[in-house]
Amino acid sequence: MSLLQSPLTLKLSAFVALSETDLQTLQRYHRRRRVFQANHELIHEGQRNNTAFILAEGWACSFKLLPDGKRQIVDFQLPGDFLGLRSILFRTADHSTEAVTRIEASEVLATDIFDSFAEAPRLATAVLWAASRDEAMVVEHLVNLGRRSAEQRMAHFLLELAARLKLVGIGDKTGFDCPLTQYHLADVLGLSAVHVNRVLRQMREQGLVTFQKGRVTFDDFAGLVSLAGFDPDYLDQDGPMLR
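Note that the structure is a prediction, hence the values are computed from the model and not measured.

## Regarding helix α8 (residues 193–205)
Phase 1: The first and last C-alpha atoms of α8 sit 18 Å apart over 13 residues, in line with the 18 Å expected at 1.5 Å per residue.
Phase 2: Along α8, the positions that sit buried rather than exposed are Ala193, Val196, Val199, Leu200 and Met203. The buried residues of α8 occupy an angular sector of 120° when the element is viewed end-on, so they sit on one face. Exposed residues pointing more than 90 degrees away from the buried face of α8 are listed as Val194 and Glu205.

## So, the environment of arginine 153
Phase 1: For arginine 153, the location among the structural elements is in helix α6 (residues 150–167).
Phase 2: Take arginine 153: its relative accessible area is 13%, and that puts it in the buried class.
Phase 3: A distance of 3.0 Å separates a polar atom in the side chain of arginine 153 from the backbone oxygen of asparagine 144.

## A closer look at the pattern of salt bridges
Side chains bearing opposite charge may pair, as long as their charged atoms lie close to each other.
Phase 1: The final tally for this structure, using the stated rule, is 15 salt bridges.
Phase 2: Note that aspartate 112 and arginine 31 form a salt bridge whose closest N and O atoms lie 3.0 Å from each other. Here aspartate 112, found in helix α4 (residues 110–119), pairs with arginine 31, found in the loop between α2 (20–28) and β1 (33–36); they are 81 residues apart in sequence, far enough to count as distant.
Phase 3: A relative accessible area of 12% means that aspartate 112 is categorised as buried.
Phase 4: With a shortest N-O distance of 2.9 Å, lysine 64 and glutamate 45 are connected by a salt bridge. Of this pair, lysine 64 sits in strand β4 (residues 60–65) while glutamate 45 sits in the loop between β2 (41–43) and β3 (52–57), and the two are 19 residues apart along the sequence.
Phase 5: According to the relative accessible area criterion, lysine 64 is partly exposed, its value standing at 34%.
Phase 6: Each member of the salt-bridge network shares a partner with another, and the members are Lys11, Asp75, Asp81 and Arg164.

Basis of the calculations
- Residues numbered from 1 in each chain as written.
- Predicted model: local features only at pLDDT ≥ 70, side-chain atom pairs only at ≥ 80, totals over all residues.
- Heavy atoms only, no water.
- Helix = DSSP H or I, 4+ residues; strand = E, 2+ residues; numbered from the N terminus.
- Expected span 1.5 Å × (residues − 1).
- Buried < 20%, exposed > 50% of the residue type's maximum accessible area, 1.4 Å probe, protein only.
- Arc of directions from axis to C-beta.
- Polar contact = N/O pair within 3.5 Å; in protein donor to acceptor, adjacent residues only side chain to side chain.
- Salt bridge = Lys/Arg side-chain N within 4 Å of Asp/Glu carboxyl O.

Without other data, these values stay purely geometric and don't point to any function.
Written out as structure tokens, the structure reads:
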């Protein structure tokens, strides 16, 4: 895959029209490409002196583990996303990150980030946008957990995943391939796995969405948007703001 078509470039290009200097700097982010198998923990909460990663292929998740063993998934990382960016800015990692599937990711050191910001300020702005966008998604997830019904949570979350995947050329309004289990969905939506199963069955019977055999299919995209009250403006991916 060419750098112009890499998930990270496609994602950052939603905010900044990247220059040749920006692209050359981005190229250096990919010098240390690594492969991790599913369930490998790349970043452990409480670790110090961490590195970050840029996800190129596969899915990962970030989570907090409670003392009683329960897990709250904060979000899922998709191709083009940073893994553990805060872990190289903070002295100690404040969450864990794990591979959901087999993944390919580029290891990025703090010096890589800081040097690139000095050399390519527009790229630094794009990375800041990506971090701010991640924060906006966390806000929506808080609203999901606190105020939306189980059906609305599910609808909103699946629509958000579709929009994020579309940005990097993987999903669209018809649906997307999805490796998540009902336990993943339960841990991110604050539901039990049994409740997740019930909600997905009800939404399928209503003709809204089908999630079977690793594929999410939108049977009634407009109806799902209406149910969730989904407004994608918080994802801010309609095109470059800086040209």
